[in-house]
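Fold and contact review
Chain residues, written in single-letter form:
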Amino acid sequence: SSAASAAKTTIRDLINAPQTYKSQVTDDSAKLVVNTDATVEIPDVDKISAISVTPAEVTQDLLDRITDAFFSDATLYTADSYYVQTKSEIKEILDGLKEDVANGNLDPNNWGTDDEGNYIYDIYADIEYWESEYETAPEAPELEEGRPMAGAQDFTFDGQVMNDNAFTGVAVMNDGSQYYYKTYTGGSDTLLVTISKTVTTNGEALPSSKVWSDYSSSSGFPKPTEESIGISLEDAKRLVQEKVDKMGITDLQFSQWSYAVCTNLETDNRSKIGDGYVIYYTRTMNGVPITQTMDAGGSLEDMDSTMETWSYENLYFYVDKDGISYMYYSDPYSIGETKTENLSLLPFSEIMKTYEKMMVVTNADNMEYENSRVYDINRIVLGYARIYEPSKDAHTGLLVPVWDFFGTRKIESEYDGDSYSDTTDYPTWSYLTINAVDGSIIDRSLGY
């Protein structure tokens with residue numbers, strides 16, 4: 001059987017992992033149940049390495065490629081100049097407020113009174129504010145064109161010259177649509193780029209409080225369909241790939257997609273604006289992808305921490321029938337040297353013992369005030385995660401293989417005699433992350 005001996009020994013063989021895995025674990029109270037009936041997803045490789053990563057340099061070339069990919073045929077104005085209020089717009093606000101006063105309506109927003117019986121909203125102070133704004137307001141908008149520049153830019157704020165690695169702009173497209181475009185370096189982000197559609201192609205302004213989110217059955221809306229979205233998944237993926245190619249981001253590939261909903265946070269019952277898809281891109285190293293999860297990373301252990309932190313590389317798009325509605329691109333990596341060529345991974349059975357024990361341990365605190373918490377884990381995934389030690393070096397990380405556990409979580413609880421039920425089934429929510437080399441638990445929000 002020379003052909004059989006020529007077949008490579010894969011990671012799956014080495015750690016003795018099955019294609020699927022089933023088990024059930026409960027805590028002592030039996031209120032916590034962890035049902036596992038999962039596919040076991042393992043890259044088809046014969047070894048996994050530990051690879052060093054650092055933040056990619058934010059070059060002018062990268063910023064130009066992003067700007068041109070989206071806005072080569074648009075006019076790009078600075079947000080400050082675009083959103084400035086003119087004298088006539090401010091006069092309209094003032095006239096309305098003065099009319100309220102004349103009619104004795106001193107609480108037009110119905111904010112009510114404080115403990116001393118004074119109005120929370122001070123209409124006279126508001127009028128004074130708008131009168132001072134009116135003095136300095138231009139007669140007509142003085143639009144300034146601009147685009148993101150690498151490095152810190154000087155700007156004036158309240159007479160002080162400050163500098164900032166940020167650009168916020170408004171792109172006015174030839175088809176009448178508009179986008180809010182922001183590039184930023186600061187906090188836990190070496191680069192954060194967001195592009196958000198603010199006006200649709202038919203000139204309809206979208207609410208500023210709109211937010212896209214991945215669909216979960218607890219969202220309270222019907223699950224989107226291709227019909228309700230109005231564009232096929234294939235077309236949505238093609239639109240996105242065209243942009244990724246134009247941006248020159250060659251080292252990230254399509255990894256997964258999910259249904260998404262756009263809602264208006266301002267309305268009391270969070271009205272739905274529309275349906276769409278979310279399309280994720282991730283990096284693959286020597287056949288091993290970085291596992292996509294919901295965590296942005298870069299969190300602090302506590303509020304008092306002064307540590308510098310570093311969020312994960314992320315690239316995803318929300319797409320609806322009107323095209324790309326939102327893009328999020330953060331913290332691109334620069335791949336460094338291979339630290340360990342061929343890591344020795346723990347046997348699958350040992351990882352499962354850790355998983356079954358830790359699902360009970362990590363959920364113990366919640367069980368004091370819940371009637372039940374049931375997990376149905378349907379995907380067990382081996383892939384890369386970036387870990388780092390912010391206390392030692394906030395900007396050098398290591399790609400290491402980890403196990404993630406995805407599926408559905410259903411919680412039943414009571415509060416003041418009412419019963420509550422909550423189902424979470426986001427496809428990118430990992431309920432536990434285990435280091436495949438040493439079996440330690442990794443907190444994805446912290447990155448270690």
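Numbering of residues begins from 1 in every chain and follows the order in which that chain's sequence is written. Restriction of local features to residues with pLDDT of at least 70 applies here, the model being predicted, together with a cutoff of 80 or more for giving and counting side-chain atom pairs; totals for whole chains, interfaces and linings are based on all residues. Where side-chain values are given, they derive from all heavy atoms of the structure, hydrogens and water being excluded.

This brings us to the overall build of the chain. A count of helices and strands for the chain gives 9 helices and 21 strands. For the C-alpha atoms alone, the extent of the chain along its principal axes is close to 90 × 60 × 50 Å. Expressed as a percentage of the 448 residues in the chain, the buried residues total 44%. Exposure was quantified through the Shrake-Rupley algorithm and a 1.4 Å probe, taking into account, for residues, occlusion by the shown protein chains and nothing else. About 23200 Å² of surface is accessible on the chain, with carbon and sulfur atoms providing 47% of the total. Positive charge is attributed to Lys and Arg, negative charge to Asp and Glu, and no charge count is given to His or to the chain ends. A single reference atom marks each charge: NZ on Lys, CZ on Arg, CG on Asp, CD on Glu. Here the chain contributes 32 positively and 77 negatively charged side chains, and the mean placements of these two sets differ by 10 Å. Numbering of helices and strands runs from the N terminus, with a helix taken as a DSSP run of H or I at least four residues long and a strand as a DSSP run of E at least two residues long. To sort residues, take the accessible area from a 1.4 Å probe on protein chains only and compare it with the maximum for the residue type: under 20% means buried, over 50% means exposed, and anything in between is partly exposed.

As a further point, take the pattern of salt bridges. A pair is scored as a salt bridge if a Lys or Arg side-chain nitrogen falls within 4 Å of a carboxyl oxygen belonging to Asp or Glu. Applying the stated criterion to the full structure yields 19 salt bridges. Arg444 is paired through a salt bridge with Asp404; the nearest N and O atoms lie 2.7 Å apart. Taken together, the positions of Arg444 in the segment after strand 21 (430-435) and Asp404 in strand 19 (residues 397-415) put the pair 40 residues apart, joining distant regions of the chain. Where salt bridges share partners, they join Asp64, Asp68 and Arg147 into one cluster.

A word on the environment of Ala69. Along the chain, Ala69 turns up in helix 3 (residues 60-71). Expressed as a C-alpha distance, the spacing of Ala69 and Leu192, which sit 123 residues apart in the sequence, is 16 Å. Residues contacting Ala69, with those up to four places away along its chain left out, are Lys243, Lys246 and Met247. The contact rule is simple, with two residues in contact once any of their heavy atoms fall within 4.5 Å.

Further remarks concern the packing of aromatic side chains. In this description, a pair of aromatic rings is defined by centroid distance and the angle of the planes. Pairing of aromatic side chains here covers Phe, Tyr and the six-membered ring of Trp, requires ring centres within 6.5 Å, and sorts the geometry by plane angle: under 30 degrees stacked, over 60 edge-to-face, intermediate tilted. For the structure on display, the rule yields 28 aromatic pairs. Pairing Tyr82 with Tyr83 gives two aromatic rings, centres 5.5 Å apart and planes at 90°, and the pair type is edge-to-face. A residue is classified by how much of its surface remains accessible, and Tyr82, at 25% relative accessible area, is partly exposed. A residue is classified by how much of its surface remains accessible, and Tyr83, at 45% relative accessible area, is partly exposed. Our definition puts a charge over a ring when NZ of Lys or CZ of Arg is within 6 Å of the ring centre and also within 35 degrees of the ring normal. A cation sits over an aromatic face here: Lys182 above Tyr184, 5.5 Å from the ring centre.

Take the buried residues of types Ala, Val, Leu, Ile, Met, Phe, Trp, Tyr and Cys, join any two whose side-chain atoms come within 4.5 Å, and each joined set is a nonpolar core. Within the largest apolar cluster, 44 residues are counted, with the highest numbers of intra-cluster contacts made by Tyr355, Ile380, Trp403 and Phe405. Elements represented by at least two residues in this core include exactly strand 1 (20-26), strand 2 (32-41), strand 3 (50-55), helix 9 (348-363), strand 18 (372-388), strand 19 and strand 21. Contacts of Tyr355, omitting those with residues within four sequence positions, involve Val34, Thr36, Ile377, Phe405, Leu432 and Ile434. Grouped together as the second largest cluster of nonpolar side chains are 34 residues, Ala74, Leu76, Ala171 and Val319 included.

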